[in-house]
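# Structural characterization, general
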There are 2 protein chains.
Amino acid sequence: MALIVQKFGGTSVANLERIRAVAARAKETVAQGHRLVIVVSAKSGVTNRLVDEAKALHPTPDKREMDMLLSIGEQETIALTAIALQAIGVPAVSRTGGQARVITDRSHTKARISSIDGDEMRERLKEGKVIVVAGFQGVTEDGEITTLGRGGSDLSAIAMAAALKADVCQIFTDVDGVYTADPRIVPNARKIPVLSYEEMLELAGSGSKVMQSRSVEFSSKWGVVFEVRSSFNNNPGTIVKAESQDMEKVVVRGVALDKNQTKIAISDLPDQPGTAAKIFTTLAKAGVNVDMIVQNVGRAGIVNQTVTVPTDEAYIAEKAINELMVDLKGRITACDRVAKVSAVGVGMRSHSGVAATMFEALAKAGIAVQLISTSEIKISVAIDPSRADEACRVVHDAFQLGEG
Amino acid sequence: MALIVQKFGGTSVANLERIRAVAARAKETVAQGHRLVIVVSAKSGVTNRLVDEAKALHPTPDKREMDMLLSIGEQETIALTAIALQAIGVPAVSRTGGQARVITDRSHTKARISSIDGDEMRERLKEGKVIVVAGFQGVTEDGEITTLGRGGSDLSAIAMAAALKADVCQIFTDVDGVYTADPRIVPNARKIPVLSYEEMLELAGSGSKVMQSRSVEFSSKWGVVFEVRSSFNNNPGTIVKAESQDMEKVVVRGVALDKNQTKIAISDLPDQPGTAAKIFTTLAKAGVNVDMIVQNVGRAGIVNQTVTVPTDEAYIAEKAINELMVDLKGRITACDRVAKVSAVGVGMRSHSGVAATMFEALAKAGIAVQLISTSEIKISVAIDPSRADEACRVVHDAFQLGEG
């Protein structure tokens, strides 16, 4: 007998039929002798509708009132899910974030969980009840309703699993698991059975948006084993857990693609200490998330700096840099969309030649590499977006990820 | 400066435009120097939609989960109303029933308020904030969400006014106030400026469904002065308060009509002690609300009993009585729809001849009276439903209620 936390997102509870499917799956889990906590999101579409209503009344609605408003989405789902469970003979009880004692700080719309008191829930579980908890929401010490921001329901589930010392947290979603590459782009991509937190983070950070990084980091911190799996079938998904020795046998676990990057090249910067600091401080103040950074020294005393930023922040970044150039005397020489292709795997730590294999494969295919950046378990290249899908397939093949 | 509680029902907050109107009215009230608490219902239609969803999942959904589900209706409205207030520069903050410390018993879907702790709200009011409270809902001592049943938002407002010792509780609705008769039936009906709790109760109990009796009783018990007025205009409404000497000057305050009554006549009952008790115990067990009761002794040793019940309970009542007749040997001789016309006024206590005036007027119009029942401040007659509207006008005229 295990204690399992199952999390269902908005599309998995979008209507009564899907809620019934969630209940049926829970019934199976209980029939196998497990204790069960279900964490649910708002029905897909509900949150957007509520945001639209609020914004029709006020361009920048008060965050405390937004949390009051948005939290009703999950509250609807927990009640309906509990009723659906009871309808098929499964004892169940719902809990708002506050009732589940998910205590957060006071940062409305992006609150951080400070603690979860699982005592009351443990009692209900002992009574054989399935507990249906509202994801995405919590409560401050003094009873104010808060929400956790984007991806908050995943975070709720992971935190719940940590608090209750659950054996596993199953994240049900509209994908089957984490793949060696996006199967729509790389037809022979395979589902990855087991993955380390770090690999998951690098894959997520590089465009495979199965889960928010924050939830993965939280899992890693609290040692919560989670499984990403589909709510539409019974296939085993991808298990994500702490790195173990045998994980290093695989050099590259997967290939990630991010098409939403823009490269900004700055030339003719003075080769002085503090130049780079000025650029990155300016970008940070403007709220721009810099991804890849490459610097090289050109003619004597002149430095060239290239960064990539999310495309939707490129305009702000360009503006901020141009303002800075008045002082620094450099100039932007390019601002082009690029695609970032990354190979990720903890095996890189103990295997050499990974970069060589990757660059060779790209060169063979005639794909020019514009930028390179590396971390301990990742190699990323920026390339022309028109060759992005091809580059993915090339790298995927180079590491034989499509083979069983 | 007064402390005012304003309550807006579902039609008054049905959409964003109406919520803006509620906010605008609140702004006026605040501009006049008053402190303000607003109690709102769910948008009209929302509660029904949620009930339908729950019933699609389970024919008799768990009451605790229904409260969890239904309470989101008001939570949406309070957040939107607070945002609408902030949008026009009025400092405002929303409170769920639980946050407003509306503590109830555990009777889910029909909970009773046991206390309201107004301390926190008083602090917010002192800060100059308008507090927007979710009507219809409360919370048990251990944090379970409860709802108060039909008319619960009125009750919330009255209870809030009592707890905060408000000067007045304004109940905004889709009618202008309480009228001497239904203006759709009696064209010269006039709005009643002031009314006693008892008169309001008798008028409400006799078909003028402006407010649930429970809320009026609560107001009377706690001495809350309330005003029924329209959310669509600025006309003064009807003030309802404790009876005062000068109210007795008016003999009849208003005429009420209830077309939803069915008369059940039982004949040939044995004239034995306990016969009536058996009938009313049986009806009470069947959940039937008996209204008028008339008993007369016919031939020696035989009793005839006639009752009126709400028409939608007539079938159950008839069935229950028929089962009882196996023992009692009586028989149902009639089961017909009737209309009940009532004249109500505290002045009846000190004026004689009221019944005579009423019966004379009806007789003159050729309207046969089938049953009569009286209370200290009310005289009711059951008549043929086809003459109901006419009877209303006749009684209204007999007491000169249409004259200024």
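Broken down by element type, chain A carries 11 helices and 18 strands. Rg of the C-alpha trace for chain A: 24 Å, near the compact-globule value of 22 Å for 404 residues, within the 12% margin. The principal-axis extents of the C-alpha atoms in chain A amount to approximately 75 × 55 × 30 Å. Split into buried and exposed, the 404 residues of chain A put 54% on the buried side. Nonlocal contacts in chain A, meaning residues at least 24 apart in sequence, comprise 74% of its contacts between residues at least 6 apart. Counting only carbon and sulfur atoms, one obtains 50% of the accessible surface of chain A, whose full area is about 17000 Å². The averaged location of the 48 negative side-chain charges in chain A is 2 Å from the averaged location of its 47 positive side-chain charges.

All names here are of chain B. Counted by the stated rule, this structure contains 54 salt bridges over all chains. Between Glu 120 and Arg 95 there is a salt bridge, with the nearest N and O atoms lying 2.6 Å from each other. Here the residue Glu 120 occupies a position in helix α4 (residues 119-126), and Arg 95 occupies one in strand β3 (residues 92-95), the gap between them amounting to 25 residues. Across the pair Asp 291 and Lys 340 runs a salt bridge, and its minimum N-O distance is 2.4 Å.

A few words on the packing of aromatic side chains. Residue and element names in this part refer to chain B. Summed over the entire model, instances satisfying the criterion amount to six aromatic pairs over all chains. Aromatic pair Tyr 197 and Phe 226: ring centres 6.4 Å apart, planes at 35°, arrangement tilted. Of this pair, Tyr 197 sits in helix α6 (residues 197-205) while Phe 226 sits in strand β11 (residues 226-230), and the two are 29 residues apart along the sequence. Take Tyr 197: its relative accessible area is 7%, and that puts it in the buried class. Looking at Phe 226, the relative accessible area reads 0%, which means it is buried.

With that settled, consider the sheet that holds strand β13 (residues 254-270) of chain B. Residues and elements named next belong to chain B. The sheet built from six strands is open, its strands ordered β14-β15-β13-β16-β18-β17 with antiparallel pairing. Of all the strands in the sheet, just β14 (293-297) and β17 (371-375) have a single pairing partner and so form its edges. On average, each strand axis in the sheet is inclined to that of its neighbour by 25°, with strand direction left out of account. In the sheet, β13 pairs with strand β15 (residues 302-310) via eight bridges, with the strands oriented antiparallel. Considered in β15, the bridge of Pro 270 is made with Ile 302. Here helix α10 (residues 354-364) sits on the sheet and contacts β16 (331-344), β17 and β18 (378-383); the angle it forms with β18, its principal contact strand, is near 25°. Together, β13, β16 and β18 form the strand contacts of helix α11 (residues 388-398), whose direction differs from that of β13 by roughly 115°.

Time to look at the interface of chain B and chain A. Across the boundary between the two partners, chain B contributes 38 residues, which contact 38 residues of chain A. Carbon and sulfur atoms supply 60% of the area that chain B and chain A bury against each other, a total of about 3000 Å² over both sides. In terms of surface lost to chain A, no three residues of chain B exceed B:Leu57, B:Glu65 and B:Ile83, which account for 22% of the buried area on that side. Connecting chain B to chain A are six salt bridges. Across the pair B:Glu53 and A:Lys43 runs a salt bridge, and its minimum N-O distance is 2.4 Å. Counting across the chain B and chain A interface gives 17 residue pairs in polar contact (both at pLDDT 80 or more).

When chain B is brought onto chain A, the operation consists of a screw motion whose angular component is 180° and whose axial shift is 0.0 Å, with 0.2 Å RMSD remaining. A rotation of that kind, with that shift, is consistent with a two-fold axis. In terms of C-alpha distance to the rotation axis, chain B has B:Ile72 as its closest residue, with the C-alpha 2.8 Å off the axis.

Further remarks concern the nonpolar core. Core analysis: the biggest nonpolar cluster contains 76 residues, and A:Ile38, A:Leu85, B:Ile38 and B:Leu85 have the highest contact counts within it. Excluding its chain neighbours within four sequence positions, the residues that come into contact with B:Ile38 are B:Gln6, B:Phe8, B:Val22, B:Ala26, B:Leu85, B:Val130, B:Ile131, B:Val132 and B:Val133. Counting residues in each nonpolar core, the second largest holds 44 residues, with B:Ile116, B:Met121, B:Ala166 and B:Val216 among its members.

So, about the sheet that holds strand β13 (residues 254-270) of chain A. All names here are of chain A. The six strands lie next to each other as β14-β15-β13-β16-β18-β17, forming an open sheet whose pairing is antiparallel. For this open sheet the edge positions go to β14 (293-297) and β17 (371-375), each flanked by a neighbour on one side alone. Each strand of the sheet is rotated relative to its neighbour by a mean of 25°, with strand direction disregarded. Both β14 and strand β15 (residues 302-310) contribute to a ladder of five bridges, which runs antiparallel. Looking at the pairing, Asn 296 lines up with Asn 304 of β15. Across the sheet, helix α9 (residues 314-328) touches β13, β15 and β16 (331-344), and the angle it forms with β13 is around 20°. The strands touched by helix α10 (residues 354-364) within the sheet are β16, β17 and β18 (378-383), with β18 carrying the most contacts at an inclination of about 25°.

Residues and elements named next belong to chain A. For Asp 268, which is not glycine, the phi torsion reads 60° and is therefore positive. Positionally, Asp 268 belongs in strand β13. Under the relative-accessibility criterion, Asp 268 is labelled partly exposed at 21%. Not every positive phi belongs to a glycine, and Lys 329 is a case in point at roughly 70°. Mapping Lys 329 onto the fold places it in the loop between α9 and β16.

Next up on the list: helix α1 (residues 16-31) of chain B. Compared with an ideal rise of 1.5 Å per residue, which puts 16 residues at 22 Å, α1(B) spans 22 Å between its outermost C-alpha atoms and is within 8% of the ideal. Those residues of α1(B) not exposed but buried are B:Leu16, B:Ile19, B:Val22, B:Ala23, B:Arg25, B:Ala26 and B:Thr29. Structurally, α1(B) contributes buried residues whose contacts are with α2 (46-57) of chain A together with β1 (3-8), β2 (35-40), α3 (63-87), β9 (168-173) and β11 of chain B. Backbone geometry just downstream of α1(B) places B:Gly33 in the positive-phi region, at approximately 95°.

Residues and elements named next belong to chain B. A two-sided burial pattern is seen for β3, the buried positions comprising Ala 92 and Ser 94 on one face and Val 93 and Arg 95 on the other. Judged from the four bridges that link them, β3 and strand β6 (residues 130-134) form a sheet pairing that is parallel. Opposite Val 93, over in β6, you have Ile 131 as the bridge partner.

Right, let's get into α2(A). Note: α-helices contain 3.6 residues per turn, so residues at a spacing of three or four share the same orientation. Its 12 residues place the ends of α2(A) 17 Å apart at the C-alpha level, agreeing with the 16 Å of an ideal helix rising 1.5 Å per residue. Looking only at α2(A), the buried set comprises A:Val46, A:Leu50, A:Glu53, A:Ala54 and A:Leu57. The arc enclosing the buried residues of α2(A), seen along the axis, measures out at 95°, which places them on a common side. Exposed residues pointing more than 90 degrees away from the buried face of α2(A) are listed as A:Asn48 and A:Asp52. Residues of α2(A) that are buried make contact with α3 (63-87) of chain A together with α1 and α3 of chain B.

A word on the confidence of the model for chain A. Across chain A, the average pLDDT comes to 93, with 98% of residues at or above 70. Quick note on the complex model: pTM equals 0.86, ipTM equals 0.85.

What counts and how
Residues numbered from 1 in each chain as written. Chains lettered and ligands numbered in written order. Predicted model: local features only at pLDDT ≥ 70, side-chain atom pairs only at ≥ 80, totals over all residues. Heavy atoms only, no water. Helix = DSSP H or I, 4+ residues; strand = E, 2+ residues; numbered from the N terminus. Rg over C-alpha atoms; globule rule 2.2 N^0.38 Å. Buried < 20%, exposed > 50% of the residue type's maximum accessible area, 1.4 Å probe, protein only. Contact = heavy atoms within 4.5 Å. Areas by Shrake-Rupley, 256 points an atom, 1.4 Å probe, with all protein chains shown as cover. Lys, Arg positive; Asp, Glu negative; His and termini not counted. Charge placed at Lys NZ, Arg CZ, Asp CG, Glu CD. Salt bridge = Lys/Arg side-chain N within 4 Å of Asp/Glu carboxyl O. Phe/Tyr/Trp six-rings, centres within 6.5 Å; stacked < 30°, edge-to-face > 60°. Pairing = 2+ DSSP bridges. Axes fitted to C-alpha atoms, helices over the stretch in contact; angles between N-to-C directions. Buried area = accessible area lost by both parts, 1.4 Å probe. Polar contact = N/O pair within 3.5 Å; in protein donor to acceptor, adjacent residues only side chain to side chain. Least-squares fit on C-alpha atoms with pLDDT ≥ 70 in both. Core = buried A, V, L, I, M, F, W, Y, C linked by side-chain atoms within 4.5 Å. Expected span 1.5 Å × (residues − 1). Arc of directions from axis to C-beta. pLDDT = per-residue confidence, 0-100.

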